[in-house]
Amino acid sequence: MVGSDWVIDGLPDEYLQHLRAYVKDVQRVYGEALDGVLLYGSAVRGEFLPGRSNLNIVLVVRSVKADQLKKYGALHRRWAKEQIVVPLFVTLADLPAMSLVFPLEYLEIQEQHRLLAGQDPFVGFRVDQRHLSAEVLQSLDRKSTRLNSSHGYISYAVFCLK
């Protein structure tokens, strides 16, 4: 396991202390069923805003069965107030399939993450970028639909103001 003496540039000491304690709690709860803990998102990119940003975590576990996921309930109640959101649970076996379904998210995690404990599942792994265009098109389609929907409300509001 990786030591807890890591430093993350731009992340205030208070949050580093929270992360260290969080990792210890996760290791205590999951024990040998935990393969790794990774931090990703604004904290790793140097864009973390205290009081506004969340600490985004990936838990690499041996199983994502309901009994393993339920173990997280008490941890969530403890750590949500410290801006640690419900983590992304993934197994080493499921990583390739998950990265096909959510290539943009997994590419971001692959490119910008910090290993806090255990093994890094992204060492030697590459997200297949052939599926990125489909996800981007779906995202644009959803945003276009919302924009069109919003336009209707704005038009109605302007009509009512006349």
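Along each chain, numbering runs from 1 in the same order as the chain's sequence is written. The predicted nature of this model means local features are confined to residues of pLDDT at least 70 and side-chain atom pairs, given and counted, to a pLDDT of 80 or more, with totals for whole chains, interfaces and linings taken over all residues. To obtain the side-chain values, all non-hydrogen atoms of the structure were used and water was disregarded.

Colleague: Could you give an account of the overall build of the protein, naming the residues involved and the relevant values?
Modeller: Numbering of helices and strands starts at the N terminus; helices are DSSP runs of H or I of at least 4 residues and strands are runs of E of at least 2. Looking only at helices and strands, one finds 7 helices and 4 strands in the protein. The helix and strand sequence of the protein, counted from the amino end, reads α-β-α-β-α-α-β-α-α-β-α. Accessible area is worked out with a 1.4 Å probe on protein chains only. A residue is then buried under 20% of its type maximum, exposed over 50%, and partly exposed in between. Out of the 162 residues in the protein, the part that is buried amounts to 36%. Two residues qualify as a contact provided that any one of their heavy atoms is within 4.5 Å of a heavy atom in the partner residue. Long-range contacts, defined here as pairs at least 24 residues apart, represent 71% of the contacts in the protein between residues at least 6 apart. In these tables, accessible area is a Shrake-Rupley quantity obtained with a 1.4 Å probe, and a residue counts as shielded only by the protein chains included in the view. Summed over its atoms, the accessible surface of the protein is roughly 9,900 Å², and 55% of this surface lies on carbon and sulfur atoms.

Colleague: Can you lay out a nonpolar patch on the surface for me, pointing to particular residues and giving the numbers?
Modeller: Candidate patch residues must exceed 30% relative accessible area and have no salt bridge, after which like charges are joined if within 9 Å and Val, Leu, Ile, Met, Phe, Trp or Tyr side chains if within 5 Å. Should a side-chain nitrogen of Lys or Arg be within 4 Å of a carboxyl oxygen of Asp or Glu, the pair is scored as a salt bridge. Where nonpolar side chains cluster on the molecular surface, the patch consists of Leu100, Val101 and Phe102 and spans about 260 Å² of accessible area. For leucine 100, the position within the fold is in helix α5 (residues 95-101). Taking relative accessible area as the criterion, leucine 100 reaches 41% and is therefore assigned partly exposed.

Colleague: I'd love a proper account of unusual backbone geometry, names of residues and values included.
Modeller: The phi dihedral of glutamine 83 is positive, around 70 degrees, even though this residue is not glycine. The residue glutamine 83 is located in the loop between α4 (72-79) and β3 (88-90) in this model.

Colleague: Report on the pairing of strand β1 (residues 34-40), specifying residues and quantitative values.
Modeller: Where burial is concerned, most of β1 is hidden: 7 out of the 7 residues are buried. As paired strands, β1 and strand β2 (residues 56-61) are joined by 6 bridges and run antiparallel to one another. Residue pairing for β2: tyrosine 40 is matched across the bridge by asparagine 56. One requirement defines pairing of two strands: DSSP has to find at least two bridges between them. Both β1 and strand β4 (residues 113-118) contribute to a ladder of 5 bridges, which runs antiparallel. For tyrosine 40, the partnering residue across the bridge sits in β4 and is histidine 113.

Colleague: Explain the sheet that holds β2 residue by residue, including any values.
Modeller: Reading across the sheet, the 4 strands line up as β3-β2-β1-β4 and stay open at both edges, with mixed pairing between neighbours. Across the chains shown, the open sheet's two edge strands, defined by having one partner strand only, are β3 and β4. The mean angle between the axes of side-by-side strands here comes to 20 degrees, regardless of whether they run parallel or antiparallel. Orientation is described by lines fitted to C-alpha atoms, with helices fitted over the stretch in contact, and by angles between N-to-C directions that extend from 0 to 180 degrees.

Colleague: Residues and numbers for the packing of helix α1 (residues 13-30) against α4, please.
Modeller: Packing of α1 against α4 leaves a shortest axis separation of 10 Å and a crossing angle of 165 degrees. Between α1 and α4, the interaxial angle falls into the category roughly antiparallel. In terms of crossing hand, the pair formed by α1 and α4 is right-handed. Across the interface between the two elements, His18, Ala21, Tyr22, Asp25, Val26, Val29 and Tyr30 from α1 touch Tyr72, Leu75, Arg78 and Trp79 from α4. Each angle gets one of four labels, with under 35 degrees taken as roughly parallel, over 145 as roughly antiparallel, 65 to 115 as roughly perpendicular, and the rest as oblique. By the definition used in this description, the sense in which the near helix is turned from the far one sets the handedness, with an anticlockwise turn below a right angle giving left-handed and a clockwise turn giving right-handed.

Colleague: Which residues make up the packing of aromatic side chains, and what values go with them?
Modeller: Pairing of aromatic side chains here covers Phe, Tyr and the six-membered ring of Trp, requires ring centres within 6.5 Å, and sorts the geometry by plane angle: under 30 degrees stacked, over 60 edge-to-face, intermediate tilted. All chains considered together, the criterion is met by 5 aromatic pairs. Summarising the aromatic geometry, the rings of tyrosine 22 and tryptophan 79 are spaced 5.8 Å apart at their centres and angled 90 degrees between planes, so their arrangement reads as edge-to-face. Taken together, the residues span a long stretch of sequence, with tyrosine 22 in helix α1 and tryptophan 79 in helix α4 at a distance of 57 residues. Like tryptophan 79, tyrosine 22 is buried. Among the aromatic residues, ring-to-ring pairing joins Tyr30, Tyr72 and Phe89 into one connected group.

What is shown is where atoms sit, not what they do.
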